Amino acid sequence: MSEKKAAEKKPTGKPSFFARLKNGLKALPVRIATAFKNMAAELKKVSWPSRKDLINYSVVVVVFLVVMAVVVGLLDMGSSALIRQLVKL
């Protein structure tokens with residue numbers, strides 16, 4: 001019977017949950033620092049737009065937003081008028 005119990009307690013090769021948690025917590029600061037170092041390295045590779053380009057892009061975005069706001073407002077007014085007419089029926 002003791003041979004059977006000894007055979008059941010063979011190590012599986014996989015560390016326990018708490019061992020993995022401990023190792024993960026030990027490595028956490030290094031992993032966070034590595035992520036920030038990689039981020040800084042990638043940001044150095046970015047080609048930033050010139051001031052003129054940035055202003056042009058910003059104007060395009062604001063104009064697009066105004067146009068879309070007008071379109072959505074008109075659709076809202078139209079659908080509201082349509083619903084009012086349907087309710088009157």
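Residues numbered from 1 in each chain as written. Predicted model: local features only at pLDDT ≥ 70, side-chain atom pairs only at ≥ 80, totals over all residues. Heavy atoms only, no water.

Asker: Tell me about the overall build of the protein, and please be specific about residues and values.
Answerer: Secondary structure summary: the protein contains three helices and zero strands in total. Element order for the protein, N to C, with α for helix and β for strand: α-α-α. Counting all 89 residues of the protein, 0% fall into the buried class. When the accessible surface of the protein is totalled, it reaches about 8,700 Å², and 70% of it is carbon and sulfur. (Helix = DSSP H or I, 4+ residues; strand = E, 2+ residues; numbered from the N terminus. Buried < 20%, exposed > 50% of the residue type's maximum accessible area, 1.4 Å probe, protein only. Areas by Shrake-Rupley, 256 points an atom, 1.4 Å probe, with all protein chains shown as cover.)

Asker: Give a description of a nonpolar patch on the surface that names residues and reports values.
Answerer: A surface patch of nonpolar side chains, about 1,200 Å² in accessible area, is lined by Phe 17, Phe 18, Leu 21, Leu 25, Leu 28, Ile 32, Phe 36, Met 39, Leu 43, Val 46 and Trp 48. Assignment of secondary structure puts Leu 21 in helix H2 (residues 17-45). For Leu 21, a relative accessible area of 39% translates into the label partly exposed. (Patch = residues over 30% accessible without salt bridge, like charges linked within 9 Å, V, L, I, M, F, W, Y side chains within 5 Å. Salt bridge = Lys/Arg side-chain N within 4 Å of Asp/Glu carboxyl O.)

Asker: Tell me about H2, residues and numbers included.
Answerer: Given a rise of 1.5 Å per residue, 29 residues ought to cover 42 Å, and the 40 Å separating the end C-alpha atoms of H2 matches this to within 8%. A bend of about 40° at Leu 28 is the largest found in H2, and the proline Pro 29 appears one to four places after it. (Expected span 1.5 Å × (residues − 1). Bend = angle between axes of the 7 residues up to and from the residue.)

Asker: Outline the confidence of the model for the protein, listing residues and values.
Answerer: Taken over all residues, the pLDDT of the protein has a mean of 89, while the share at 70 or more is 87%. Here helix H1 (residues 2-8) stands out as the element of the protein with the lowest mean pLDDT, 56, in contrast to helix H3 (residues 51-88), whose mean of 97 is the highest. (pLDDT = per-residue confidence, 0-100.)

Asker: Explain the packing of aromatic side chains to me, using residue names and the numbers behind them.
Answerer: The tally for this structure, following the rule as stated, stands at one aromatic pair. Judged by centre distance (5.3 Å) and plane angle (75°), the rings of Phe 17 and Phe 18 are edge-to-face. Exposure remark for Phe 18: the relative accessible area of 62% places this residue in the exposed category. (Phe/Tyr/Trp six-rings, centres within 6.5 Å; stacked < 30°, edge-to-face > 60°.)

Asker: Give me the UniProt feature "transmembrane region" (unreviewed entry) in the protein: which residues, what numbers.
Answerer: UniProt marks residues 54-75 with the feature "transmembrane region" (unreviewed entry), using the numbering shown here. The straight-line gap between the two end C-alpha atoms of residues 54-75 is 32 Å; of that span, 100% is helix and 0% is strand. (UniProt positions renumbered as here; feature names shortened; annotations may be inferred.)

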